[in-house]
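# Summary of the model geometry
What follows is the residue order along each chain.
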Number of protein chains: 4
Amino acid sequence: MSNRWAYVRWKLREPFAEWLGMLVLILIGIGATCQTKISEGTYGNYTNLMFAWGYAVTLAIYISGGVSGGHINPVITICLAMFRGFPWRMVPRYILAQIFGAFCGAAILYGNYKVALEKYDPEMKLYGTNASAPLFITMPSQEFGDGMVLMIDLYREVIATGILHVVVLALGDENNAPPGAGLGAFITGLTIIALGMSQGWISGYAINPARDLGPRIFLWFMGYGAVVWHHDSWWWLNGAILSTFAGGILGCLLYDVFIFGGDVSFVNFP
Amino acid sequence: MSNRWAYVRWKLREPFAEWLGMLVLILIGIGATCQTKISEGTYGNYTNLMFAWGYAVTLAIYISGGVSGGHINPVITICLAMFRGFPWRMVPRYILAQIFGAFCGAAILYGNYKVALEKYDPEMKLYGTNASAPLFITMPSQEFGDGMVLMIDLYREVIATGILHVVVLALGDENNAPPGAGLGAFITGLTIIALGMSQGWISGYAINPARDLGPRIFLWFMGYGAVVWHHDSWWWLNGAILSTFAGGILGCLLYDVFIFGGDVSFVNFP
Amino acid sequence: MSNRWAYVRWKLREPFAEWLGMLVLILIGIGATCQTKISEGTYGNYTNLMFAWGYAVTLAIYISGGVSGGHINPVITICLAMFRGFPWRMVPRYILAQIFGAFCGAAILYGNYKVALEKYDPEMKLYGTNASAPLFITMPSQEFGDGMVLMIDLYREVIATGILHVVVLALGDENNAPPGAGLGAFITGLTIIALGMSQGWISGYAINPARDLGPRIFLWFMGYGAVVWHHDSWWWLNGAILSTFAGGILGCLLYDVFIFGGDVSFVNFP
Amino acid sequence: MSNRWAYVRWKLREPFAEWLGMLVLILIGIGATCQTKISEGTYGNYTNLMFAWGYAVTLAIYISGGVSGGHINPVITICLAMFRGFPWRMVPRYILAQIFGAFCGAAILYGNYKVALEKYDPEMKLYGTNASAPLFITMPSQEFGDGMVLMIDLYREVIATGILHVVVLALGDENNAPPGAGLGAFITGLTIIALGMSQGWISGYAINPARDLGPRIFLWFMGYGAVVWHHDSWWWLNGAILSTFAGGILGCLLYDVFIFGGDVSFVNFP
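A short tour of the structure in this document, coming up. This structure is a prediction, so every number in the text was calculated from the model and none was measured.

### Some remarks on the environment of D153 of chain C
When you line up the elements, D153 of chain C lands in helix 8 (residues 148-171). Separated by 12 residues in the primary sequence, D153 of chain C and S141 of chain C have C-alpha atoms spaced 7.6 Å apart.

Encoded structure:
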């Protein structure tokens, strides 16, 4: 009743689920960004975009939740390992699967929008009107353009990812009052909507390193140049990775120090 | 305690349910399209439209779910027959009921908007401002008007329908973590909203052949001419039917190859 | 442990619940209409308005659902009496409570907006820009202004109320697949949102005679004149009452003839 | 398995939970206000703002619900003490925690937006375009600027808080039909959305004294001047505190007099 592939699938079920969830997350999220921006608001606006990203997270968790736990975010994977006993040996395969899912999603969308993108931004720009790179990767806002701003953006990324992790831990804490009936994924999506509406500006609103890194590697492969790595003082590293990790850890500490009573967290070790 | 009609209703309960669900789906979905477009944005915008289509699907599933399973889409019917053991002998009556429901919905709306449509588009056009046919049927986008574009549109239709089917199989997989409390219909509606916000442009966003074919047959009856069949390189066949089927099968394969462990899928046959 | 008032409250619990639910429905729904229109779109738009009416219905049902069943609509009360064995002797008190709740809600809002309304429309108009009557009552659309239109508007009201009743019966049919966990009220709210987005134009979108009649009586008391009764060919009677009843009965017939198998409906009597 | 801090956390678990919930509520709610207003509508509009505040309340309740009951609002705390037997000795710590949470949230956001705020409003104004104080505190509307208006605004605040409390009591009444599956927090969020869409204008839409008072104290510390206390005839006291309490008590009375049958309410004492 089984076959060789079923064995492979069973052994790799968690990375497969994370990969497929992340793929759908990117297809919907970056798909909505492309649709809204390239159509210049005819087929979407900022409100749409926020709902699309939120529902994308909801669907990604439904696709993977029962198999891999539905992390779909390297920060969540690492924070669960640090604070909730998620096995560290699983972490690398989760993160690789997440980044590869985001890479594949960006590639499929790029192929789909190729003709449109060649008209929209033939020069493959990172800045300015009709820049196409910001459709795929996160970037700090350019509105308040002086040196101070990067610090602000990093700060913001920490806040947003911190809120996300407070909520994620609350929704998974059986001693609190989480939603039942398999609706945690829905409420997590609402969290993403609320964060986008409240923290989506100024900072590029990464909150998920894989969502940034996968498409960024793809853009680099496509010839956007080394600038995708060193723009905005290495934003990809400082903003999308280090700040989101700092925010995730801070959020988990807040929840575990002030709310969580379970002994699985090191905060509660004697 | 029963009567003759009750016997007929019992024998035909599944096609009746699919028919009534599809009727309501079209009354709400195409109704919202008409309202938004004919009022020129006074009574709706793109955001409204996406929510209306999504909630329409939710309601259609609640109307038919307990009786017919709430497919409301020929691609889902055929994919469930291919991948989940839905009996093939039921497929024709499901599909006919779905197409006929969409036909009836279009007819009721056309009657309702008749006066308005005669002012809005007295020439019964397919293209241009105030064209009335696109209110009822799906069409590829005209924005990037060269030969390449049709391929892009077909590609997009495959992606959108593929995502839908990954989600539909996940929401029906008891070994994953689907929503309980009868809320699968609600989450399926969110999927439609997310797809419309992210994949609704460029392609005409069919993802459901009956939603296109029923109203198309009605427009043909009303005298829009044979152009409804051969416009855009036979879009009705290539886009709304073949591409959506290709997408549905691709999505089901993705889910069954990488996630699904049940032995009802032929992917898991030894 | 009890007192005299508790006895009164127990005897009149259903009309009290319907009254309070309707009061809140009107405070939110017509409140949102006033806010959106008087602020000229600064504090709301058509999308907001649709969500506000939908959520208003959800909340009204939560306020009254466990006590009176949460009808909050005379058409639903009468249709449940006709098709689901709701006792006819309860019907008058339900309908009076609903109309009185809507009347009270309109009065509270009118008092609240009095200063604003005196600036917005000192002449107490029914038509034209800055007309204040349409903030409170439903009226057929004036866009396509010839004799044909009233028929269209009535037709539309029938469709909208019909869809509502198909959904209401489906959500209450345990042999179908209704939402659990007390979320029927939420899905009913989504139905109102979807109807507003798809059928809210052209017709004034009553679907609920009490929502129209209560505020209408209030406007008449306030001196808007007898025109509130005979405008648009007695719309209050033909549109807001007769058409909604016709629609409700039609929707129930559709559901019971094609879907419902229970013997509580006269459609299934032998 | 426990430690000293765990003991402190256990003793202070309710104020800690209220504090963290309120902190997140403010970070999302006022964060969305700042983003929408400072970006001048590019990154949000009134619809976004309403959803952000509503979802913020939902998330705040999920963060604190299982520990403190998720009041996140001094009016709710006091009303539950008056009408539902919530222990009065807990009230002060709840209210202090709520105000302090709002204070902290305002401080974090102010720090985050410092550079932007210095460009947006270098004069730290309360009125006029680019005034920054209304981003943080509630104020009566200035549109209908004569003496009558303050009364109207107070009236409105009473209505909005009254509706909120009718709904909150209904959602907590097991003899009514509240949502199950831990979704009360979600429906409470919808209530906030509906209130913002229908009562958010004219009045500053406080409905929560801590949401106003915490940030107000912070602005005073930051040097906005004593005007934050005496503007608009002591709005902070009359509007944000006294009117919301009046509304809360009125709403609870309405529910308990007309609906509630339990003997925990003094309305039902013999």
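### Observations concerning the arrangement of the chains
Chain A shows no contact with chain C. Their nearest C-alpha atoms sit 8 Å apart. Spatially, chain B is disjoint from chain D: no contact exists, and the shortest C-alpha separation is 8 Å.

### A word on the relation of the copies chain A and chain B
Once chain A has been moved 0.0 Å along the axis and rotated by 90°, it coincides with chain B to within an RMSD of 0.0 Å. The symmetry that links the two subunits is that of a four-fold axis. Ranked by how close their C-alpha atoms come to the rotation axis, the residues of chain A are headed by A181 of chain A, at 4.1 Å. Taken as a fraction of all interface residues of chain A, those also at the interface in chain B reach only 9%, which identifies the copy contact as different-surface.

### Thoughts on the pattern of salt bridges
All names here are of chain C. For the coordinates displayed, the defined rule picks out 16 salt bridges over all chains. Residues R84 and D256 are paired through a salt bridge, measuring 2.8 Å at the closest nitrogen-oxygen approach. Residue R84 is located in helix 4 (residues 74-84), and its partner D256 is located in helix 11 (residues 227-258); the two are separated by 172 residues in the primary sequence.

### What about the nonpolar core?
Of all hydrophobic cores here, the largest spans 396 residues; its most connected members are F136 of chain B, F136 of chain C together with F136 of chain D. Every residue in contact with F136 of chain B, bar those within four places of it in the chain, is listed here: I30, C34, A106, L109, Y110, L117, R211, P215 and L219 of chain B.

### Focus: the interface of chain A and chain B
Opposite the 43 residues of chain A that make contact, chain B presents 51 residues. Approximately 4100 Å² of surface area, both sides summed, lies buried where chain A meets chain B, with 69% of it carried by carbon and sulfur atoms. When residues of chain A are sorted by the area they lose upon contact with chain B, R9, Y62 and N112 of chain A head the list and together hold 16% of the total. The tally of links from chain A across to chain B stands at 0 salt bridges. On inspection of chain A and its partner chain B, the count reaches 15 residue pairs in polar contact (both at pLDDT 80 or more). Elements represented by at least two residues in the side of chain A that touches chain B include exactly helix 1 (4-11), helix 2 (13-38), helix 3 (46-68), helix 5 (91-112) and helix 6 (114-120) of chain A. In terms of residue class, the side of chain A that touches chain B is made up of 26 nonpolar, 15 polar and 2 charged.

### Looking at the interface of chain D and chain C
Every contact between the two is made by 51 residues of chain D and, on the other side, 43 residues of chain C. Carbon and sulfur atoms make up 69% of the surface buried where chain D meets chain C, a total of about 4100 Å² over both sides. If you look at where chain D meets chain C, you find 14 residue pairs in polar contact (both at pLDDT 80 or more). Secondary-structure elements contributing two or more residues to the side of chain D that touches chain C are helix 3 (46-68), helix 8 (148-171), helix 9 (184-199) and helix 11 (227-258) of chain D.

### Topic: the relation of the copies chain D and chain C
Of the transformation superimposing chain D on chain C, the axial component is 0.0 Å and the angular component is 90°, with the fit at an RMSD of 0.0 Å. Comparing contact sets, just 8% of the residues at the interface of chain D also lie at the interface in chain C, consistent with a heterologous contact between different surfaces.

### Considering the packing of aromatic side chains
Residue and element names in this part refer to chain B. This model, assessed by the stated rule, comprises 76 aromatic pairs over all chains. Seen from their ring centres, Y110 and F136 are 5.7 Å apart, and the 50° between their planes marks the pair as tilted. One end of the pair, Y110, is in helix 5 (residues 91-112); the other, F136, is in helix 7 (residues 133-136), with 26 residues separating them in the sequence. Residue Y110 shares its accessibility class with F136, and that shared class is buried.

### Comments concerning the side chain of T188 of chain D
All names here are of chain D. Structurally, T188 can be placed in helix 9. A distance of 2.7 Å separates a polar atom in the side chain of T188 from the backbone oxygen of G184. T188 has contacts with V57, I61 and L171, leaving out every residue within four places of it along the chain.

The rules behind each value
- Numbering of residues starts from 1 in every chain and runs along the sequence as written.
- The naming scheme follows written order: chains are lettered A onward, ligands numbered 1 onward.
- Totals for whole chains, interfaces and linings use every residue, but because this is a predicted model, local features are given only for residues with pLDDT of at least 70 and side-chain atom pairs only at 80 or more, for both listing and counting.
- Side-chain metrics rest on all non-hydrogen atoms present in the structure, leaving aside hydrogens and water.
- For helices the rule is a DSSP run of H or I covering at least 4 residues; for strands it is a run of E covering at least 2, with both sets numbered from the N terminus onward.
- Two residues form a contact once any of their heavy atoms are found within 4.5 Å.
- Least squares is the method for superposing the copies, and the C-alpha atoms it fits come from residues with pLDDT of at least 70 in both.
- Any Lys or Arg side-chain nitrogen located within 4 Å of an Asp or Glu carboxyl oxygen qualifies as a salt bridge.
- As used in this record, nonpolar core signifies buried Ala, Val, Leu, Ile, Met, Phe, Trp, Tyr and Cys residues forming a set joined through side-chain atoms within 4.5 Å.
- Burial here depends on accessible area, computed with a 1.4 Å probe over protein chains only, as a share of the maximum for the residue type. Under 20% is buried, over 50% is exposed, and the range in between is partly exposed.
- Two parts placed together each lose some accessible area; with a 1.4 Å probe, that loss summed over both constitutes the buried area.
- Contacts described as polar in this section are N or O atom pairs within 3.5 Å, which, within protein, must combine one atom able to donate a hydrogen with one able to accept it, while residues neighboring in sequence count only if both atoms come from side chains.
- Think of it as three bins: nonpolar holds Ala, Val, Leu, Ile, Met, Phe, Trp, Tyr, Cys and Pro, charged holds Asp, Glu, Lys and Arg, and polar takes everything else, Gly as well.
- Ring pairs shown here join Phe, Tyr and Trp side chains whose ring centres sit within 6.5 Å, with only the six-membered ring taken for Trp; geometry is labelled stacked below 30 degrees between planes, edge-to-face above 60, and tilted in between.

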